[in-house]
Amino acid sequence: MQWKLQHRVSNWNGITTALSFCLWAIIAISAAKALFDLFSILSLEWRGPVNDDFLSYTIVGRGILNGLIPYKDLFMPRPPGIFILSAVSLFLTGGERFATIMAIVMLLAIPISFLFSVKSFQPKQEIAWKKWLRYSMALLLGIALVIHLEERAGALQTEMFGAFFSVLLILSVATFRNVQRRLIYLLNGVLFLCAVGFKEPFLMTATMATLMVAETNRQWLRMIVLPAIISLVFGVVILFVLGWFSPYINLGLPATLHSRIIDTGVPIWLRGFAVRKLFANATDFSTIPFLGYTLAMLFLLYPFFRSRTPSRWLALRAVCAMGSILAIFQSICVLASFILVLRQMRVNDYMRDRFFLLVCGGYGLLVLIAFLLIFLCVRKQGSLLRRDIVVASLSLYFAALAVGLSGNYNWYHFTFAFPVYVALIVVFLRSMYNDTSHTLIASVLSSFVVIGMLHFVPSLDFLQRIEPMRQYSFANHQNIVSRFDAILDACGVKRYISLGAQSALAYAKHSPYGPSFILDSDRLFAVESDKHLQEDAQIIALPSGQGIQHPLKSWIEENFTSDAPACAKTMPQPFGIRLLFRKT
């Protein structure tokens, strides 16, 4: 009898060992595939795709090297960070190559930073399989976020750089949570400045994401509020030293807010409730849209992951409470949309009032039930659960608000929600060494991530969108700009007027007259730009085969000619560019 019992135990141990080996083999295969996908993305970035917006940033960067002042001499509605990066890239490599290398380093650094941060979460004594599972999840989720970031803001979009510094800021708060050193405060201040310096909406989402990962409000005040003050001081000092403070405050920032916030008929405050757009975008990710569903589950379980004493009952409460929050957000969004539509409907007042009453009554009842469910979930819990629900709700609201701030929901705008996604994953990874009830939930989520990465296939739309961007690289423009610069140097001309040729001449060593150098931009600086055209311009560049498209077309035709002067008579013309020279 004893021999049979020992035999059964031995067989069970053998089966368990075999199953464990199979599970870890699947995780290893998923990690290997994820690494392959990561390096595929990095190689794609290395091939040099450049979005057309970066060409405009490059023109401003060249202007900086030529002694011009952004927002005053050359205007683009962007923060200074991307202009400084493009100027450094032009100075070091003559084109976008340095910026491309920086982007690749940043993309590679995100999963590495996740692994480093996870190591700091590790307790002194931990079961080996839990430790390696957490490392595996950090690697897989980090790579998934990198691919998500590349699909939305690849090819040197300024949002990519802002998202990277936001990630480092979040991981710094999570990793050095118990460290009280001035160097950490200074580091966080620099990271905060860089994140906002590349795109202002990261101010909202990076701030809320750090609040999500901070263990206490006091720690958040110490690790973020003080560094935010430091970053503000640094930013003002840098702008003053460069001579950009007054143009940025008086021209750049107001014009950015004016041009980027589009009136779509939907109030700005209402855009923060459109969280369904975030979920739809995160699931539009691959053939198996696991990232969106993973983030949704992490959001529903966020208060549970934050708890120091998790239990199955707390998990149920957290899911019910956070699900109610999502229901409230969606109800407010739908209800407000109905009201906006009803205002524009030309229907009978009686029918409109009944329809309005039906819609408001139905969704109002849903909101009331959701609030009641939240109350039942938190009434017997501590203040920490209530705090986590409020923080998660505000973070979700500001993420949706930042994404919808412009109103047109371009792909790269969804990068503004990236810090909140990172915060959800960090809280999940930090909590993975809790008790057995959490082990079950962590195992289910981990299995979902592993299977998702195994089935991941890059988005075909993304590949089709990024491949043509290789034509905007410096290598494809070098011959054009070298001929163009040679003509201007031979004729002793320092600056030129661009009428639609700014993309082709973005890497030229000469700067266009401005402030407005984009033909189809708003006419905010039209008077000053036209003044340079009439008084200073000696050469006008426009695309070949395109007529003059300008309010001063008649004046240009009278005062400029396509016949080259003696200084440029024998010089080869830049391909695809037609030059007009001022008549003598």
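Look up: the structure comes first, before these words.
Everything quoted here is computed from the prediction, not taken from an experiment.

**Student:** Explain the overall build of the chain residue by residue, including any values.
**Tutor:** Scanning the chain from terminus to terminus reveals 23 helices and five strands. Across the 584 residues that make up the chain, the buried fraction comes to 51%. By sequence separation, contacts in the chain at least 24 residues apart represent 76% of the contacts at least 6 residues apart. Looking at the chain as shown, the accessible area adds up to about 27,200 Å², and 66% of this sits on carbon and sulfur atoms.

**Student:** I'd love a proper account of the packing of aromatic side chains, names of residues and values included.
**Tutor:** Evaluation of the coordinates by the stated rule reveals 21 aromatic pairs. Between tryptophan 269 and phenylalanine 273 the ring centres are 6.3 Å apart and the planes differ by 85°, which places this aromatic pair in the edge-to-face class. Tryptophan 269 sits in the partly exposed class, given a relative accessible area of 48%. Exposure remark for phenylalanine 273: the relative accessible area of 14% places this residue in the buried category. Each member of the aromatic cluster is reached from another via a ring pair, and the members are Phe54, Tyr57, Tyr71, Phe75, Phe83 and Tyr248. Here the guanidinium or amino end of arginine 97 rests over the ring plane of tryptophan 46, the centre of that ring lying 3.9 Å away. Above the ring of tyrosine 409, the side-chain terminus of lysine 277 is found at 4.7 Å from the ring centroid.

**Student:** Give a detailed account of the packing of helix H6 (residues 158-175) against helix H7 (residues 182-198), specifying residues and quantitative values.
**Tutor:** Packing of H6 against H7 leaves a shortest axis separation of 7 Å and a crossing angle of 155°. When the axis of H6 is compared with that of H7, the two are roughly antiparallel. When the axes of H6 and H7 are compared, the crossing they make is left-handed. Touching Thr158, Phe161, Gly162, Phe165, Ser166, Leu168, Leu169, Ser172 and Val173 of H6 are Ile184, Leu187, Asn188, Leu191, Phe192, Cys194, Ala195 and Phe198, all from H7.

**Student:** Before we move on, can you summarise the state of the cysteines with the specific residues and values?
**Tutor:** Tallied over the entire structure, the rule returns one disulfide. Put simply, cysteine 491 and cysteine 567 are joined by a disulfide, and their sulfur atoms are 2.0 Å apart. One quick way to see it: the torsion about the S-S bond of cysteine 491 and cysteine 567 is about 90°, and its sign makes the bridge right-handed. Placement of the pair is cysteine 491 in the loop between helix H21 (474-490) and strand E1 (495-498) and cysteine 567 in the loop between strand E4 (560-561) and strand E5 (577-582), with a sequence separation of 76 residues.

**Student:** Residue-level account of the pattern of salt bridges, with values.
**Tutor:** Under the counting rule described, the total for this entry stands at six salt bridges. The partner of arginine 78 in a salt bridge is aspartate 53, with the nearest N and O atoms 3.9 Å apart. With arginine 78 in the loop between helix H2 (52-65) and helix H3 (80-93) and aspartate 53 in helix H2, this residue pair connects regions lying 25 residues apart in the sequence. A residue is classified by how much of its surface remains accessible, and arginine 78, at 4% relative accessible area, is buried. Measuring nitrogen to oxygen at the nearest pair gives 2.4 Å for the salt bridge that ties lysine 199 to glutamate 159.

**Student:** Describe the layout of surface pockets, and please don't skip the residues or the numbers.
**Tutor:** One number sums up the size of the largest pocket: a volume of about 990 Å³. Taken together, 39 residues line the largest pocket, and the ones lying closest to its centre are Pro79, Val196, Gly197, Glu200 and Tyr248. Among the elements of the structure, H3, H7, helix H8 (202-213), helix H9 (217-242), helix H10 (245-260) and helix H17 (383-403) are those that each provide at least two residues to the lining of the largest pocket.

**Student:** Give me the lowdown on helix H22 (residues 526-535), citing residues and values where you can.
**Tutor:** Of all the positions in H22, only Ala526, Ser529, Asp530 and Leu533 are classed as buried. Angular distribution of buried residues about the axis of H22 spans 95°; they occupy a single face of the element. Exposed and oriented more than 90 degrees from the buried face of H22 are Val527 and Glu535.

**Student:** Quick rundown of the sheet that holds strand E3 (residues 539-543)? Include the residues and the values.
**Tutor:** The strand order E2-E1-E3-E5-E4 describes an open sheet built from five strands, whose pairing is mixed. Two strands lie at the open edges of the sheet, namely strand E2 (511-512) and E4, each paired on one side alone. For E1 and E2, the ladder comprises two bridges, and the chain directions are parallel. By the bridge assignment for E2, tyrosine 496 is matched with proline 512.

**Student:** Give a detailed account of the nonpolar core, specifying residues and quantitative values.
**Tutor:** Ranked by size, the top nonpolar core spans 163 residues in total, and within it Phe114, Leu278, Phe305, Phe428, Leu429 and Leu505 carry the most contacts. Looking at this core element by element, the count peaks at 14 residues for helix H5 (residues 128-153). Core analysis: the next-biggest nonpolar cluster, separate from the first, contains 11 residues, Ile497, Tyr513, Leu542 and Phe560 among them.

**Student:** Explain the environment of aspartate 52 to me, and be specific about the residues and the numbers.
**Tutor:** Here aspartate 52 is to be found in helix H2. Residues aspartate 52 and serine 503 lie 451 residues apart in sequence; the distance between their C-alpha atoms is 7.1 Å.

**Student:** So what's going on with unusual backbone geometry? Which residues, and what values?
**Tutor:** Even without glycine at this site, tyrosine 71 takes up a positive phi of about 75°. Counting through the fold element by element, tyrosine 71 comes out in the loop between H2 and H3. Residue tyrosine 71 is classed as buried on the basis of its relative accessible area, which comes to 0%. You will see that leucine 156, though not glycine, has its phi angle at about 70°, which is positive. Among the structural elements, leucine 156 can be located in the loop between H5 and H6. Look at leucine 156 and you get buried, because its relative accessible area is 0%.

**Student:** How would you explain the pairing of E3 if you had to name every residue and give the values?
**Tutor:** The buried fraction of E3 amounts to five of the five residues, a majority that puts the element mostly inside the structure. Burial along E3 is two-sided: the face carrying Ile539, Ala541 and Pro543 and the face carrying Ile540 and Leu542 are both buried. One ladder, built from two bridges, connects E1 with E3; its direction is parallel. Along E3, the bridge assignment pairs serine 498 with alanine 541. The pairing of E3 with E5 spans five bridges and is antiparallel. In the sheet register, alanine 541 faces E5, and the bridge partner there is leucine 579.

**Student:** So what's going on with the side chain of serine 446? Which residues, and what values?
**Tutor:** Tracing the sequence through the fold places serine 446 in helix H19 (residues 436-455). Sequence-distant contacts of serine 446, defined by excluding residues within four places in its chain, comprise Leu133, Met137, Phe428 and Met432.

**Student:** Got a sec to walk through the environment of alanine 541? Specific residues and values, please.
**Tutor:** With respect to the helices and strands, the residue alanine 541 is situated in strand E3. Owing to a relative accessible area of 0%, alanine 541 belongs among the buried residues under this scheme. Between the C-alpha atom of alanine 541 and that of proline 512, which follows or precedes it by 29 residues, the distance is 9.5 Å. Beyond its immediate chain neighbours, meaning those up to four positions away, alanine 541 contacts Phe484, Tyr496, Ile497, Ser498, Leu499, Ala501, Leu505, Ile577, Arg578 and Leu579.

Criteria and cut-off values
Residues numbered from 1 in each chain as written. Predicted model: local features only at pLDDT ≥ 70, side-chain atom pairs only at ≥ 80, totals over all residues. Heavy atoms only, no water. Helix = DSSP H or I, 4+ residues; strand = E, 2+ residues; numbered from the N terminus. Buried < 20%, exposed > 50% of the residue type's maximum accessible area, 1.4 Å probe, protein only. Contact = heavy atoms within 4.5 Å. Areas by Shrake-Rupley, 256 points an atom, 1.4 Å probe, with all protein chains shown as cover. Phe/Tyr/Trp six-rings, centres within 6.5 Å; stacked < 30°, edge-to-face > 60°. Lys NZ or Arg CZ within 6 Å of the ring centre and 35° of its normal. Axes fitted to C-alpha atoms, helices over the stretch in contact; angles between N-to-C directions. Parallel < 35°, antiparallel > 145°, perpendicular 65-115°, else oblique. Left-handed = near helix turned anticlockwise from the far one by under 90°. Disulfide = S-S within 2.5 Å. Salt bridge = Lys/Arg side-chain N within 4 Å of Asp/Glu carboxyl O. 1 Å grid on protein atoms, 1.4 Å probe; cavity = no way out; pocket = protein on both sides within 12 Å on 5 of 7 lines; lining within 4 Å. Points joined across faces, edges and corners; volume = space filled by probe spheres on them. Arc of directions from axis to C-beta. Pairing = 2+ DSSP bridges. Core = buried A, V, L, I, M, F, W, Y, C linked by side-chain atoms within 4.5 Å.

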